Every structure is written in C-alpha cells, then in structure tokens.
Amino acid sequence: MSLLKRPIILIGFMGAGKTSVAQALAQNYQCRFVDLDEHIASSENMSIPEIFNQYGEDTFRALEHQYLQQVIDEYEIVSTGGGIISSDETFEFLKTVNADIIWLDAPFSVLYTRIKDDQNRPKAKNTPKETLKNLYSSRVSRYNEIAFMKVSTNSTFNETIATIEKNISANDQY
Ligand code: S3P
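Residues numbered from 1 in each chain as written. Predicted model: local features only at pLDDT ≥ 70, side-chain atom pairs only at ≥ 80, totals over all residues. Heavy atoms only, no water.

Peer 1: Mind showing me how you'd approach the overall build of the chain here?
Peer 2: Looking only at helices and strands, the chain features eight helices and five strands. Whereas a compact globule of 174 residues would reach a radius of gyration of roughly 16 Å, the chain reaches 15 Å, a difference of no more than 12%. The principal-axis extents of the C-alpha atoms in the chain amount to approximately 45 × 35 × 25 Å. For the chain, buried positions account for 49% of its 174 residues. (Helix = DSSP H or I, 4+ residues; strand = E, 2+ residues; numbered from the N terminus. Rg over C-alpha atoms; globule rule 2.2 N^0.38 Å. Buried < 20%, exposed > 50% of the residue type's maximum accessible area, 1.4 Å probe, protein only.)

Peer 1: For this particular structure, what's the right way to read the site of the ligand?
Peer 2: Residues in close proximity to the ligand total 14 residues, the closest being Lys-18, Arg-61, Gly-82, Arg-121 and Arg-139. Contact distances for the ligand include 2.7 Å between an oxygen atom and a side-chain N or O atom of Arg-139. In the complex, 95% of the free accessible area of the ligand, which totals 390 Å², lies under the protein chains. Classifying every residue of the shell around the ligand by side-chain character gives five nonpolar, three polar and six charged. (Near = heavy atom within 4 Å. Polar contact = N/O pair within 3.5 Å; in protein donor to acceptor, adjacent residues only side chain to side chain. Areas by Shrake-Rupley, 256 points an atom, 1.4 Å probe, with all protein chains shown as cover. Nonpolar A, V, L, I, M, F, W, Y, C, P; charged D, E, K, R; others polar.)

Peer 1: Just checking my understanding: could you explain the packing of aromatic side chains for this structure?
Peer 2: For any pair of aromatic rings, the description consists of the separation of the ring centres together with the inter-plane angle of the planes. Under the definition given, this model contains five aromatic pairs. Measuring from ring centre to ring centre gives 5.7 Å for Trp-103 and Tyr-143, while their planes differ by 35 degrees; the resulting arrangement is tilted. Placement of Trp-103 in strand 4 (residues 100-105) and of Tyr-143 in helix 7 (residues 129-146) is noted, with a sequence separation of 40 residues between them. Exposure remark for Tyr-143: the relative accessible area of 0% places this residue in the buried category. Between the aromatic rings of Phe-108 and Tyr-136, the centroid separation amounts to 5.7 Å while the plane-to-plane angle is 45 degrees, which identifies the pairing as tilted. Here Phe-108, found in helix 6 (residues 108-115), pairs with Tyr-136, found in helix 7; they are 28 residues apart in sequence, far enough to count as distant. (Phe/Tyr/Trp six-rings, centres within 6.5 Å; stacked < 30°, edge-to-face > 60°.)

Peer 1: Could you clarify how one ought to interpret the environment of Thr-131 in this entry?
Peer 2: Mapped onto the elements of the fold, Thr-131 is located in helix 7. Linking Thr-131 and Ile-84, residues 47 residues apart in sequence, is a C-alpha distance of 18 Å.

Peer 1: Help me understand the sheet that holds strand 4 in this model?
Peer 2: Sheet strands pair via backbone hydrogen bonds, and the direction of the pair is either parallel or antiparallel. Read across the sheet, five strands follow the order 2-3-1-4-5 without closing on themselves; strand pairing throughout is parallel. Only two strands of the sheet have a single partner each, and these edge strands are strand 2 (33-35) and strand 5 (149-152). With direction set aside, neighbouring strand axes in the sheet form an average angle of 20 degrees. Both strand 4 and strand 5 contribute to a ladder of four bridges, which runs parallel. From the neighbouring strand, Ile-102 faces strand 5, where its bridge partner is Met-149. Contacting strand 1 (8-11), strand 2, strand 3 (77-79) and strand 4, helix 1 (residues 18-28) crosses the sheet at an angle of about 165 degrees to strand 3. (Pairing = 2+ DSSP bridges. Axes fitted to C-alpha atoms, helices over the stretch in contact; angles between N-to-C directions. Contact = heavy atoms within 4.5 Å.)

Structure, rendered in structure tokens:
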C-alpha cells in the first residue's frame, strides 16, 4: 500500500533528474511509478527520437497529453518529459490535476553538462548551448506556476530525496 497521501508529478527541464528521483521516491513510499516518456515509447512501440523524426514535435505533444491523462489514474508517481508544459492544453490540464507537482531544477550550466549531445533527446541533440538556454528560460515561468515545490538537484542525490520527503511530510500536516 502506498505511503503517499497524494500522487506526485515530477516536472523540470531535461537533465534535472526526474526519472531517478521518481524511482527513489517510489521505492521509499512503496508506490507505483511511471516515466511518461518510457510509457509513450513502449505504448507506441517507437523510441522518442523516432516519434520526433517521423511525426514531429506536435504529434509527440499530443501523445504526451493523451498518455499523461491515462497514467495519472494508474500511478502514484509520474515523471514527465521536460517539455510537458509546452502545450497549452497539457499546461492547463496540469493546473487542474489532483497531485503534488514537484519542480526539479539545477543551474542551466549543470543541466547543460548533463544533456549536451544526448542522442536520445531530440531537443538537445546537435542543439547549440544558447538555443537550449533560451528554451530553458522560456519554460521556467510555466514550471514555476504549477509547482507546489521547487527542489534543487544540484546537491547529492540523498540530499535531494531528503528535502523532498521533508517537504511532503510538512505538507501532510495540513
Ligand atoms: C523533451 C524532454 C524529454 C522528452 C523529449 C522532449 C523536451 O524528456 O520528453 O525528448 O522537450 O524537453 P526528459 O526531460 O526526460 O529528457
């Protein structure tokens, strides 16, 4: 049985560490977790780069929206892709969802070293640093608007997890 009172959705830019954090939280809270990108890829039987290459980003955003709505009822913890807030429709949906949205973040320079030239990230592959920096800046206000807490992943992994769990327990008092 899950030890979480409310479901959690992890958001944040590429390289923020959403999937690893989601895995650790799922283990500690004994609950089900899904990585939305992995779920899309396995459901569509295509990798994320294949979906981008063959159908384009708009189709990927539509799939993200469709599968997010589906997984939200089936899993207690969902880690999302960095562009989950790009589509207005998904952004509006996230505002209404009954879950704690946690924004994982780190300085852009740190995120950049984690993602640069990643072949599995179409938005990062062969993308100049300045372009990625602009993409990051363009997303920050949306992450901030829907997040119930922002947590830095620019510390040790254990510190990040401890900070999140402390905030969740403090929030559970109310
Ligand atoms: C994307 C981030 C990726 C993935 C896709 C698009 C983005 O997820 O959803 O490549 O637009 O930022 P991660 O944040 O897990 O890398």
